[in-house]
Amino acid sequence: MTPYNEAEVLELIREESTQRKGFEMIVAEYGEQLYWQIRRMVLSHEDANDLLQNTFVKAWTNIDYFRAEAKLSTWLYRIALNECLTFLNRQRTAGTVAIDDPEAGMVNRLESDPYYSGDRVQTLLQKALAQLPEKQRMVFNLRYYREMKYEDMSEIFGTSVGALKASYHHAVKKIEKFLREAD
């Protein structure tokens, strides 16, 4: 299998006759990393799969509008994160998570997920992450798990590098405090 080359893929998606092939390459390249980013936000395997599918459906239906001003991965992450935010907001307003303790509902779903196999430490980290505001959780996940550069995150979130660094710093401090208190 040939290595992924974004320039070649962009050429493929610009031509109607090769667009499907190019998009299949995009799905193969980014599917797993987007899945895990989404999963870290919504915690549930089924929800993450649904949101990943929604992400790729939106990307496919809007592929003709992609102008390549940003990297393809940036565009896909922005779609995925927007899907996550929409999903989480919809859950909150529909009352499927407790208004007084939405984090507990997320953690309960995680612990009851048959696909979750985390140990005590991983479960504690997930509980700590569930306590974070959504933007801080997203920034932490991208930086900690994906080791994404702040400049790339800046394109995804449309905010300054300094603001992202502050969000990450605050997230780390809150996680550390949560873990200290959990012992």
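Residues numbered from 1 in each chain as written. Predicted model: local features only at pLDDT ≥ 70, side-chain atom pairs only at ≥ 80, totals over all residues. Heavy atoms only, no water.

If you check an unreviewed UniProt entry, the protein chain appears there as RNA polymerase sigma factor from Bacteroides pyogenes. Of the protein chain, the UniProt comment under Sequence similarities (unreviewed entry) reads exactly: "Belongs to the sigma-70 factor family. ECF subfamily." (UniProt positions renumbered as here; feature names shortened; annotations may be inferred.)

Asks: Would you mind going over the overall build of the protein chain with me for this structure?
Replies: Of the regular secondary structure elements, the protein chain holds 9 helices and 0 strands. Each helix and strand of the protein chain, placed in order from N terminus to C terminus, yields the pattern α-α-α-α-α-α-α-α-α. Put simply, the protein chain has 183 residues, and 44% of those count as buried. Across the protein chain, the fraction of contacts at a sequence separation of at least 24, relative to all contacts at a separation of at least 6, is 63%. (Helix = DSSP H or I, 4+ residues; strand = E, 2+ residues; numbered from the N terminus. Buried < 20%, exposed > 50% of the residue type's maximum accessible area, 1.4 Å probe, protein only. Contact = heavy atoms within 4.5 Å.)

Asks: Looking at this model, I keep getting lost on unusual backbone geometry. Mind explaining?
Replies: What is expected of a backbone is that most residues other than glycine have negative phi and most peptide bonds are trans. Residues other than glycine seldom take positive phi values, yet Leu43 does so here, at roughly 70°. Counting through the fold element by element, Leu43 comes out in the loop between helix 2 (19-42) and helix 3 (45-61). Note on Leu43: relative accessible area 3%, which makes it buried. Look at Glu147: it is not a glycine, yet its phi comes out positive at around 55°. Relative to the elements of secondary structure, Glu147 occurs in the loop between helix 7 (134-144) and helix 8 (150-157).

Asks: It is not clear to me how the pattern of salt bridges should be interpreted in this structure. Could you clarify?
Replies: Here the idea is simple: oppositely charged side chains can pair when their charged atoms come close. Taken as a whole, this structure holds 7 salt bridges when the rule is applied. Across the pair Lys71 and Asp152 runs a salt bridge whose closest N-O atoms are separated by 3.4 Å. Of this pair, Lys71 sits in the loop between helix 3 and helix 4 (72-94) while Asp152 is found in helix 8, placing the two residues 81 residues apart along the sequence. Overall, Lys71 belongs to the partly exposed group, its relative accessible area being 39%. Linking Lys173 and Glu176 is a salt bridge whose minimum nitrogen-to-oxygen distance equals 3.6 Å. Taken together, the residues Lys173 and Glu176, both in helix 9 (residues 161-182) and 3 residues apart, mark about one turn of the helix. (Salt bridge = Lys/Arg side-chain N within 4 Å of Asp/Glu carboxyl O.)

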